[in-house]
Amino acid sequence: MILLVGLVVLMAVGIPITFALMSVASVILIIFFGPAQMNVLNAAFVNQMQSESLLAIPMFALMASFLQTSGIGSDIYEFFHKWMGGINGGLAMATVATTAVIAAMSGVAATATIMMGLIALPEMLNRGYDKPLATGPVLAGGCLGPIIPPSTIMIIMASYTGVSAGWLFAGGVIPGVGLAILFIIYIGIRCAINPKLGPGIPKSERPSWGEKLRVFRKVIAPIVIIVLVLGCIYAGVATPTEAAGVGAFASMVYALITRKLNFKNLRGSLIQTMEVSAMLMWILMGGAAYNSLVNITRLSDVVAAAFQSAHLDGLPLMLLIFALFFVMGMFLDTTPIIMIAIPILLPIIRSSSLDVNATILILCITLCLGQITPPFGINMFYLQGVAPPGIDTKVMYKAVIPYVIIFTVALLFMMIFPELIVIFPNAAMGY
């Protein structure tokens, strides 16, 4: 109780989550277990930083930075724009498709959301799109980033749970692509019912078939990079960490080919990578401190006993855990949720009849839903920094509600039929 109250109070007064976790762990250990127990925190920090899977994070961050520098987001959007722009709602569908491709290359929500906020959102508004309809695909499409591999969330989750990062990557392919298709179908239905929400490009402005065919060359590089990264993992040629290095190198080569990578941009990409990596490592160190405290106080045993006394197992247990993650996602970012909840819940999941791998995959996807759930969906903060005038919080809340519903229904389907989502990753990883 002291642990949870201490966390809430410190975060409420504006203390960053990593320092809140470290402070609570340190104070409780000193008061209740003596200063000698502080050595436990030192050991936890060292063990956390020695996790090989975490080496993939700076590589994927560097890969995303090079992709942003190369302008590949504009190229991908131009391709979908020319092929889908003439359909009612076509630009919104193109935005979802583009963010899905960028997601499969960068692994983080911020990259796709910011790119499409700068490129696609102004274009849709200029074409007379309804504000919520134009805003929704940017926010919802951006949250596909951590589902479609590679994924920073899955790497962190793998380091906490012991589930293979490669297996989680493979498991995210079908749910991520499936959600993108569901979002596109929803947009198509809404605009078929009311074309004024997303009018297609006038016939006089639509590209010729020759122009459509010529833009195919702009998606060759994204396809090659995706195949390189994921193909290396699934073929057993490289680990996710090694594949991240391959992706970063391929992205750098593409930026050089497009002549976008000068010394200034290279320096900026490296600095951005260091900033992102340092931030995540500090957060993970806070999580290591909290995890140590949970182990010493045997908090997970107390919670497990409470769950057992309630006789929850199978789908009811899964629904309860999902509800917990859903509510936490309304107020916290993904990494703090993993650090706070997983050390307590993992023993419960392992002792239940739930498939551990499938459950962890579903929780990874649930964390991505939290990126667009009001009031503090992190994608809204990303978009707010680059959105055109008139796109305020009220518009964003209205925009994401349909996608939250679609996302939630899809997750419920996965929870009811978990055996379906493990078929592809089991086959891909030879399980």
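Please refer to the structure placed before this passage.
Residues numbered from 1 in each chain as written. Predicted model: local features only at pLDDT ≥ 70, side-chain atom pairs only at ≥ 80, totals over all residues. Heavy atoms only, no water.

This brings us to the pattern of salt bridges. Pairing between side chains becomes possible if they bear opposite charge and their charged atoms approach one another. A full pass over the atoms with the stated rule returns 1 salt bridge. The shortest N-O distance in the salt bridge between Arg127 and Glu123 comes to 3.2 Å. Judged by relative accessible area, which is 22%, Glu123 ranks as partly exposed. (Salt bridge = Lys/Arg side-chain N within 4 Å of Asp/Glu carboxyl O. Buried < 20%, exposed > 50% of the residue type's maximum accessible area, 1.4 Å probe, protein only.)

The next thing to look at is a nonpolar patch on the surface. Where nonpolar side chains cluster on the molecular surface, the patch consists of Leu315, Leu319, Leu412, Phe413, Ile416, Phe417, Leu420 and Ile423 and spans about 690 Å² of accessible area. At 3 residues, the largest contribution of residues to the nonpolar patch is made by helix α20 (residues 393–416). Inspection of the secondary structure puts Ile423 in helix α22 (residues 423–428). (Patch = residues over 30% accessible without salt bridge, like charges linked within 9 Å, V, L, I, M, F, W, Y side chains within 5 Å. Areas by Shrake-Rupley, 256 points an atom, 1.4 Å probe, with all protein chains shown as cover. Helix = DSSP H or I, 4+ residues; strand = E, 2+ residues; numbered from the N terminus.)

Here the focus is helix α8 (residues 131–142). When the terminal C-alpha atoms of α8 are compared, their 17 Å separation across 12 residues agrees well with the 16 Å that a helix rising 1.5 Å per residue should span. Counted residue by residue, α8 has 11 buried out of 12 residues, so it is predominantly covered. Among the residues of α8, those classed as buried are Pro132, Leu133, Ala134, Thr135, Gly136, Pro137, Val138, Leu139, Ala140, Gly141 and Gly142. (Expected span 1.5 Å × (residues − 1).)

Phi is positive for Arg259, which is not a glycine, with a value near 60°. Position of Arg259 relative to the elements: it lies in the loop between α13 (240–257) and α14 (263–297). Among the residues examined, Arg259 registers a relative accessible area of 79% and is labelled exposed.

With that out of the way, let us pick up the side chain of Ser251. Along the chain, Ser251 falls in helix α13. Residue Ser251 is classed as buried on the basis of its relative accessible area, which comes to 0%. In this structure the side chain of Ser251 is engaged in a polar contact, spanning 2.8 Å, whose partner is the backbone oxygen of Gly247. Excluding its chain neighbours within four sequence positions, the residues that come into contact with Ser251 are Met63, Phe66, Leu67 and Ile225. (Polar contact = N/O pair within 3.5 Å; in protein donor to acceptor, adjacent residues only side chain to side chain. Contact = heavy atoms within 4.5 Å.)

Time to look at the environment of Leu182. Residue position: Leu182 is located in helix α10 (residues 165–193). Along the sequence, Leu182 and Ala410 sit 228 residues apart, while their C-alpha atoms lie 9.1 Å from each other. With sequence-adjacent residues up to four places away left out, Leu182 is seen in contact with Ile406 and Ala410.

What follows covers the environment of Ala323. Within the fold, Ala323 resides in helix α16 (residues 314–329). For the pair Ala323 and Thr366, spaced 43 residues apart in the sequence, the C-alpha separation amounts to 9.4 Å.

Purely spatial values, then, with no claim about function.
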